[in-house]
Amino acid sequence: MRISKDMKKMLETAYEAPEPSNKEKFLRKLPKAQISHTEFMVLQAAYMKKWVWVVSLLVLGIALKSASFLDRNVLGLFSALMPFIALTVTTENTRSAAYGMEELEMASRFSLRSVALARMGILGGVHFGLICCLIPVGLQNQIYGSLQAGVYLTVPYLLTVIPGLMAARRIHGRESGYACAGIAAIVSVIFITLGSNGVVYHEKYFSWWLAAFIILVIMLGAEWRRTIKETEELAWNLQ
């Protein structure tokens, strides 16, 4: 026998579960598991894909190996490798959306905003350390200073991260990962082409590099705020 819509509504009304009494009081009495910031960061680091760490170690290995037989244009090679390190930031940032995990992560103890900040903070710290390791290696047989080398390595990194974050906000699903990979490949090819003869790394052009670095840092801050805001709006919509 089929039940009419009116009958369904009547049954739902008749058997509607009552509102729980003293719910908030009961929840306040439940013991809250404490976790330190360090433990939280370690948990988030363990959650990241292994290939994220493999890429960083692989780039460092290639850099150390190439520096042993390349006399010049070492920084040009390093700059061309930086987009692939930056790719790990953008793909990790979009992994939840790519696999449709936003709602599941919303049910976790920590907010999406905290998780996103933790993951990006971990990767940013690791990549900063990696750049610091590459600077002295890249200065081998070079006339550049540490500041110049740092800027030369950071600019292609930022040129990959910023468009990657923009693409991640506009493209959803696994296509966002493909878009980020395409951006990294394009930036890498550009710096391979520019650095083939080393002219672009001449000291007289450093002011342009420094200006680009400052502009890109400002753009990264603005883009990161937009990304965090979108994460907060997503969390609100899923509640």
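If you're wondering where the values come from, they're calculated on a predicted model, not measured in any experiment. (Residues numbered from 1 in each chain as written. Predicted model: local features only at pLDDT ≥ 70, side-chain atom pairs only at ≥ 80, totals over all residues. Heavy atoms only, no water.)

### Things to note about the state of the cysteines
So, point 1. Applying the stated criterion across every chain, the model contains zero disulfides.
So, point 2. With no disulfide of its own, Cys132 lies 7.0 Å from the sulfur of Cys133, the closest cysteine sulfur. (Disulfide = S-S within 2.5 Å.)

### Here's the deal with the nonpolar core
So, point 1. Grouped together as the largest cluster of nonpolar side chains are 41 residues, with contacts concentrated most on Phe78, Leu153, Tyr157 and Trp209.
So, point 2. Secondary-structure elements contributing two or more residues to this core are helix 4 (50-67), helix 5 (74-93), helix 8 (112-138), helix 9 (146-170), helix 10 (175-194) and helix 11 (206-238).
So, point 3. It is helix 9 that provides the largest number of residues to this core, a total of 11 residues.
So, point 4. In this structure, Phe78 is in contact with Ala63, Ser66, Leu134, Val137, Gly138 and Leu153, ignoring residues within four places of it in sequence. (Core = buried A, V, L, I, M, F, W, Y, C linked by side-chain atoms within 4.5 Å. Buried < 20%, exposed > 50% of the residue type's maximum accessible area, 1.4 Å probe, protein only. Helix = DSSP H or I, 4+ residues; strand = E, 2+ residues; numbered from the N terminus. Contact = heavy atoms within 4.5 Å.)

### What to know about the side chain of Ser79
So, point 1. Assignment of secondary structure puts Ser79 in helix 5.
So, point 2. Among the polar contacts made by the side chain of Ser79, one reaches the main-chain carbonyl oxygen of Tyr152 at a distance of 3.0 Å. (Polar contact = N/O pair within 3.5 Å; in protein donor to acceptor, adjacent residues only side chain to side chain.)

### Observations concerning the side chain of Glu223
So, point 1. Following the sequence through the fold, Glu223 ends up in helix 11.
So, point 2. On the basis of relative accessibility, which here comes to 0%, the residue Glu223 falls in the buried class.
So, point 3. Looking at Glu223, its side chain comes within polar contact range of the side chain of Arg226, at 3.1 Å.
So, point 4. Discounting residues that sit within four places of it in the chain, Glu223 has contacts with Ile162, Leu165, Met166 and Arg169.

### Brief notes about the packing of helix 9 against helix 10
So, point 1. Taken N-terminus to C-terminus, the directions of helix 9 and helix 10 make an angle of 155°; their axes are 9 Å apart at the nearest point. Taken as axis vectors, helix 9 and helix 10 run roughly antiparallel relative to one another. Judged by the twist between their axes, the crossing of helix 9 over helix 10 is right-handed. Contact with helix 9, carried on its side by Val155, Pro156, Leu159, Thr160, Pro163, Gly164, Ala167 and Ala168, involves Ser176, Ala179, Cys180, Ile183, Ala184, Val187 and Phe191 of helix 10 and no other residues of that element.
So, point 2. Split into classes, the residues belonging to the contact of helix 9 with helix 10 amount to 12 nonpolar, three polar and no charged. (Axes fitted to C-alpha atoms, helices over the stretch in contact; angles between N-to-C directions. Parallel < 35°, antiparallel > 145°, perpendicular 65-115°, else oblique. Left-handed = near helix turned anticlockwise from the far one by under 90°. Nonpolar A, V, L, I, M, F, W, Y, C, P; charged D, E, K, R; others polar.)

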